[in-house]
Amino acid sequence: MTPNRRRVDVNLDELDRVLDGARETPLSEADCEKVKTALHALAAMLVGPRNTEKTNAVLPKSEDPGKDAGPQPDESSTPPAKGHGRNGAEAFSGAQKIEIQHQNLKHGDRCPDCGQGNVYGQKEPKMLVRVVGQAPLAATVYSLERLRCGACGQVFTAQEPEGVGPEKYDETATAMVAQLKYGSGVPFNRLEQLEAHLGIPLPATTQWEMVEEGAELIKPARDELIRQAAQDEVFHNDDTGMKVLKMNREPGDKRTGTFTSGIVSTKGQRKIALYFTGRQHAGENLADILRQRARELGPPIQMCDALSWNTSKLSEGVEVMIAHCLAHGRRQIVDVAENFPAECRYVLEQLGEVYRIDAVARKTDLSPQERLQLHQEHSKPIMDGLHKWLETQLAEHKTEPNSGLGQAIRYLLRHWQPLTLFLRQVGAPLDNNLVERSLKRAVLHRKNSLFYRSLNGAQVGDLFMSLIHTCQLCNVNSFHYLTELLRHHRELPANPALWMPWNYHEQLLPAGV
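Computed from a predicted model, the values in this text were never measured in an experiment.

**Q** Any chance you could explain the overall build of the protein chain here in plain terms?
**A** Within the protein chain one finds 17 helices and 9 strands. Across the 513 residues in the protein chain, those meeting the buried criterion constitute 37%. In the protein chain, the share of contacts with a sequence separation of at least 24, taken over all contacts with a separation of at least 6, comes to 66%.

As structure tokens, then:
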């Protein structure tokens with residue numbers, strides 16, 4: 001551990017004087033300290049902030065090379081390199097597909113080169129990808145000729161083309177503005193400037209009117225997402241701060257903060273993302289969702305960190321099984337790793353082995369029950385040994401309880417049961433990273449737009465973020481989904497369950513298909 005250096009005020013003129021004097025006489029103790037302080041300050045500025053919490057990044061490499069290297073893979077079983085890394089034609093799932101037949105030949109024709117064999121169609125055609133640029137929103141101006149009778153004054157106007165529609169902004173325009181604003185974090189004023197430069201004026205106020213009206217039309221889809229999420233098996237929830245400029249305070253409400261809560265529910269492979277902005281914390285928003293849960297269903301798993309406001313204030317008769325985030329517990333160790341490298345390395349390596357086992361379960365597509373058995377067989381001995389080691393550190397005074405490491409150990413021991421629910425309950429996740437990633441969408445909005453102007457604006461943003469991020473979790477084109485919801489908004493309220501991201505394509509098929 002490097003000792004903290006005493007602060008010494010230096011400037012460039014002083015350093016120049018010290019270095020010039022060093023050419024003639026040895027440095028004094030005070031001057032040497034000044035030079036060292038300046039060099040260490042410079043070195044600290046050159047080292048960028050850590051952007052990963054991997055063990056090898058937060059701790060120096062182990063002196064035992066075999067320990068760091070781990071088991072070496074069999075070279076004969078190592079898969080070959082995948083190549084240049086460019087996107088193949090199959091990656092362009094949203095591109096227009098055009099099939100081009102050979103201009104002169106068809107299947108079964110005589111070969112024009114040798115004249116002896118016949119040509120046959122190949123299973124894989126040659127693929128060409130051509131990408132063109134275009135504005136986020138484009139416009140077409142139709143000039144309809146008008147003719148006026150010289151005698152009676154009647155004016156005759158050319159018929160508008162078929163399919164033009166009565167609205168100036170169609171469904172694709174609203175869907176694109178919502179996608180850019182709430183999916184990609186582009187503020188209204190920035191999009192206004194871009195479109196103005198491209199010759200398509202689109203005022204920020206107009207953009208807001210478009211998404212506000214669109215949100216009202218497709219609100220039944222978001223409400224159905226909430227209803228279906230309430231029936232799911234696992235809930236991840238957490239908060240991030242979000243500023244709302246104008247909010248009516250309830251009488252007696254002493255809260256000053258506003259938040260965006262992220263809630264991601266899972267059932268099998270299906271995932272639903274929901275966002276709620278206001279004064280309520282994530283636990284309260286989750287409680288509101290669970291009020292729609294069918295009573296005959298068993299208690300779901302709630303994955304969150306150990307903050308009290310993440311714990312649901314549940315309605316009567318509803319219970320949850322609390323699981324705490326192992327990544328948050330691990331971070332307690334990472335934060336003090338520089339000061340206690342040997343002890344922290346042991347903890348991080350043990351937790352790393354548990355994560356490796358969980359990765360094996362995902363890679364081999366184990367069922368939830370098989371995953372639980374795998375963890376009970378391989379991870380439980382690791383976690384039991386780690387628990388004993390943590391207790392020994394405090395019981396035998398090997399670690400000072402009030403030190404950074406002691407506080408991290410006490411955190412792990414205090415929350416040990418919810419941190420290890422994955423060893424006892426089918427489907428329990430290891431960490432809350434799923435919702436942490438979903439909250440990045442709200443953080444992106446906060447970073448670029450800074451705030452919501454009103455609670456109504458926040459609710460519009462929550463609706464579109466919920467639909468867009470759920471599409472992302474389901475590998476669905478969110479722009480296409482929003483467009484179809486807007487086009488079929490009259491059919492949507494009758495049966496919104498048919499218009500979810502994972503099944504709406506079925507409603508677009510011709511009847512009888």
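Next comes the rest of the description.
**Q** Sorry if this is basic, but what is going on with the sheet that holds strand β3 (residues 234-241) here?
**A** By definition, the strands of a sheet pair up through backbone hydrogen bonds, in either a parallel or an antiparallel sense. The strand order across the open sheet built from 5 strands is β6-β5-β3-β7-β8, with neighbouring strands paired in mixed fashion. Each edge of the open sheet is held by one strand with a lone partner, namely β6 (270-278) and β8 (321-324). Neighbour to neighbour, the strand axes of the sheet diverge by 20° on average, direction disregarded. As defined by bridge partners, β3 adjoins strand β5 (residues 259-267) across 8 bridges and the pair is classed as antiparallel. Each bridged residue has a counterpart across the sheet, and for Thr-240 the counterpart in β5 is Thr-260. Contacts from helix α8 (residues 282-290) reach β3, β5, β6 and β7 (301-304) within the one sheet, and its direction differs from that of β3 by about 140°. Packed onto the sheet, helix α15 (residues 455-473) meets β5 and β6 and runs at close to 165° relative to β6.

**Q** For this particular structure, what's the right way to read the confidence of the model for the protein chain?
**A** Parts of the prediction with low pLDDT should not have their coordinates interpreted in detail. When pLDDT is averaged along the protein chain, the result is 88, and 90% of the positions lie at 70 or above. Scored below 50 in pLDDT, residues 65-77 shows 8 contacts in the model against residues more than four places distant or in partner chains.

**Q** Sorry, what's going on with helix α16 (residues 478-487) here?
**A** For an α-helix, 3.6 residues make a turn, and residues three or four places apart therefore share a direction. Burial analysis of α16 places 7 of its 10 residues in the buried class, the great majority of the element. Of all the residues in α16, the buried ones are Ser-478, Tyr-481, Leu-482, Thr-483, Glu-484, Leu-485 and Leu-486. Buried-residue contacts for α16 involve α5 (171-183), α7 (204-229), α15 and α17 (505-508). With a side-chain oxygen lying 3.1 Å from the backbone nitrogen of Phe-479, the N-terminal cap of α16 falls on Asn-477.

**Q** Which parts of the structure should I look at to understand a nonpolar patch on the surface?
**A** Taken together, the side chains of Phe-92, Val-129 and Val-131 make up a nonpolar region of the molecular surface, amounting to roughly 250 Å² of accessible area. With relative accessibility at 33%, the residue Val-129 sits in the partly exposed group.

**Q** Hey, could you run me through the packing of aromatic side chains in this one?
**A** The way to describe two aromatic rings as a pair is by their centre distance and the angle between their planes. According to the stated counting rule, one finds 3 aromatic pairs in the structure shown. Ring geometry for Tyr-182 versus Phe-464: centroids 5.7 Å apart, planes at 5°, classification stacked. Of this pair, Tyr-182 sits in helix α5 while Phe-464 sits in helix α15; the two residues are 282 residues apart in sequence, bridging distant segments of the chain. Of the residues examined, Tyr-182 reaches a relative accessible area of 2% and is grouped as buried. Centroid distance Tyr-481 to Tyr-504: 4.9 Å. Interplanar angle 70°. Geometry classified as edge-to-face. Highlighted residues: Tyr-481 in helix α16 and Tyr-504 in the loop between α16 and α17, separated in sequence by 23 residues. For the pair formed by Tyr-481 and Tyr-504, the shared burial category is buried.

**Q** Any chance you could explain the environment of Tyr-169 here in plain terms?
**A** By secondary structure assignment, the location of Tyr-169 is in the loop between β2 (155-157) and α5. Judged by relative accessible area, which is 29%, Tyr-169 ranks as partly exposed. As for Tyr-169 and Met-210, which are separated by 41 residues in sequence, their C-alpha atoms are 8.1 Å apart. If we ignore the near neighbours within four places in the chain, the residues touching Tyr-169 are Leu-202, Thr-206 and Met-210.

**Q** What should I look at first to understand the pattern of salt bridges in this one?
**A** Side chains carrying opposite charge are able to pair once their charged atoms draw close together. Taken as a whole and judged by the stated rule, the model has 13 salt bridges. Here Asp-232 and Arg-270 are joined by a salt bridge, their closest N and O atoms 2.3 Å apart. With Asp-232 in the loop between α7 and β3 and Arg-270 in strand β6, this residue pair connects regions lying 38 residues apart in the sequence. One salt bridge connects Arg-487 with Glu-484, and the closest N-O pair in it is separated by 3.3 Å. Note that Arg-487 and Glu-484 are positioned in helix α16 at a spacing of 3 residues, about one turn of the helix. Among the residues examined, Glu-484 registers a relative accessible area of 8% and is labelled buried. What you see here is one network of salt bridges that share partners, running through Lys-219, Arg-222 and Asp-223.

**Q** Sorry if this is basic, but what is going on with the pairing of β5 here?
**A** When a strand is regular, its side chains alternate between the sheet's two faces. Burial analysis of β5 places 8 of its 9 residues in the buried class, which makes it a mostly covered element. Strand direction decides the pairing type here: β5 and β6, joined by 9 bridges, are antiparallel. Bridge pairing in β6 links Thr-266 to Lys-271.

**Q** Which parts of the structure should I look at to understand helix α6 (residues 188-197)?
**A** Along α6, the residues that are buried comprise Phe-188, Leu-191 and Glu-195. Angularly, the buried residues of α6 cover 65° about the axis, an arc narrow enough to put them on a single face.

**Q** Looking at this structure, I do not really get the environment of Met-127. What am I missing?
**A** Within the secondary structure, Met-127 sits in the loop between α4 (65-69) and β1 (146-148). With relative accessibility at 53%, the residue Met-127 sits in the exposed group. Taking the C-alpha atoms as reference points, Met-127 and Glu-90, 37 residues apart in sequence, are found 9.3 Å from one another.

**Q** Where do I start with the side chain of Thr-258 in this structure?
**A** Note that Thr-258 resides in the loop between β4 (244-246) and β5. Within polar-contact distance, the side chain of Thr-258 engages the backbone oxygen of Met-242 at 2.3 Å. Beyond its immediate sequence surroundings of up to four residues, Thr-258 is in contact with Gly-241, Met-242, Lys-243, Val-244, Met-247, Gly-278 and Arg-279.

**Q** Please clarify how the packing of α6 against α7 should be interpreted in this entry.
**A** To characterise two packed helices, one gives the angle between the axes of the helices and the distance between these axes. Viewed as axis vectors pointing N to C, α6 and α7 meet at an angle of 120°, and their least axial separation amounts to 8 Å. The orientation of α6 relative to α7 falls into the category oblique. Considering only the axes of α6 and α7, their crossing is right-handed. Contacts between α6 and α7 involve Phe-188, Asn-189, Leu-191 and Glu-192 from the first element and Ala-204, Gln-207, Trp-208 and Val-211 from the second. Looking at the contact of α6 with α7 residue by residue, the class counts come to 5 nonpolar, 2 polar and 1 charged.

Rules used in this analysis
- Each chain carries its own residue numbering, running from 1 in the written order of its sequence.
- A pLDDT threshold of at least 70 governs which residues receive local features in this predicted model, and a stricter bar of 80 or more applies before side-chain atom pairs are shown or counted, although totals over entire chains, interfaces and linings include all residues.
- The basis for every side-chain value is the complete set of heavy atoms in the structure, and neither hydrogens nor water enter the calculation.
- Here a helix means four or more residues in a row that DSSP labels H or I, a strand means two or more in a row labelled E, and each is numbered from the N terminus.
- For the exposure calls, accessible area comes from a 1.4 Å probe over protein chains only, and a residue counts as buried if that area is under 20% of its type's maximum, exposed if over 50%, partly exposed in between.
- In this analysis, two residues are considered to be in contact whenever any of their non-hydrogen atoms come within 4.5 Å of each other.
- Strands are treated as partners if at least two bridges between them are detected by DSSP.
- Interaxial angle, 0 to 180 degrees, is taken between N-to-C directions of lines fitted to C-alpha atoms, where a helix line uses only the stretch in contact.
- The score called pLDDT rates the predictor's confidence residue by residue, from a low of 0 to a high of 100.
- Pairs of N or O atoms within 3.5 Å make up the polar contacts considered here, provided that, within protein, one atom can donate a hydrogen while the other can accept it, and that residues adjacent in sequence are counted only when both atoms are side-chain atoms.
- Note on patches: the residues involved have over 30% relative accessible area and no salt bridge, like charges join within 9 Å, and the nonpolar side chains Val, Leu, Ile, Met, Phe, Trp and Tyr join within 5 Å.
- Each accessible area is a Shrake-Rupley estimate made with a 1.4 Å probe; only the visible protein chains count as cover when residues are assessed.
- Any carboxyl oxygen of Asp or Glu within 4 Å of a side-chain nitrogen of Lys or Arg constitutes a salt bridge here.
- Any two of the Phe, Tyr and Trp rings considered here, Trp counted by its six-membered ring, make a pair once their centres fall within 6.5 Å; the pair's planes then place it as stacked at under 30 degrees, edge-to-face at over 60, or tilted in between.
- This arc corresponds to the set of directions leading from the helix axis out to the C-beta atoms.
- Convention used here: angles under 35 degrees read as roughly parallel, angles over 145 as roughly antiparallel, angles from 65 to 115 as roughly perpendicular, and any remaining angle as oblique.
- Here is the rule for handedness: rotate from the far helix to the near one, and if that takes an anticlockwise turn smaller than a right angle the crossing is left-handed, while a clockwise turn gives right-handed.
- Each residue is assigned to one of three groups, with Ala, Val, Leu, Ile, Met, Phe, Trp, Tyr, Cys and Pro labelled nonpolar, Asp, Glu, Lys and Arg labelled charged, and all others, Gly among them, labelled polar.

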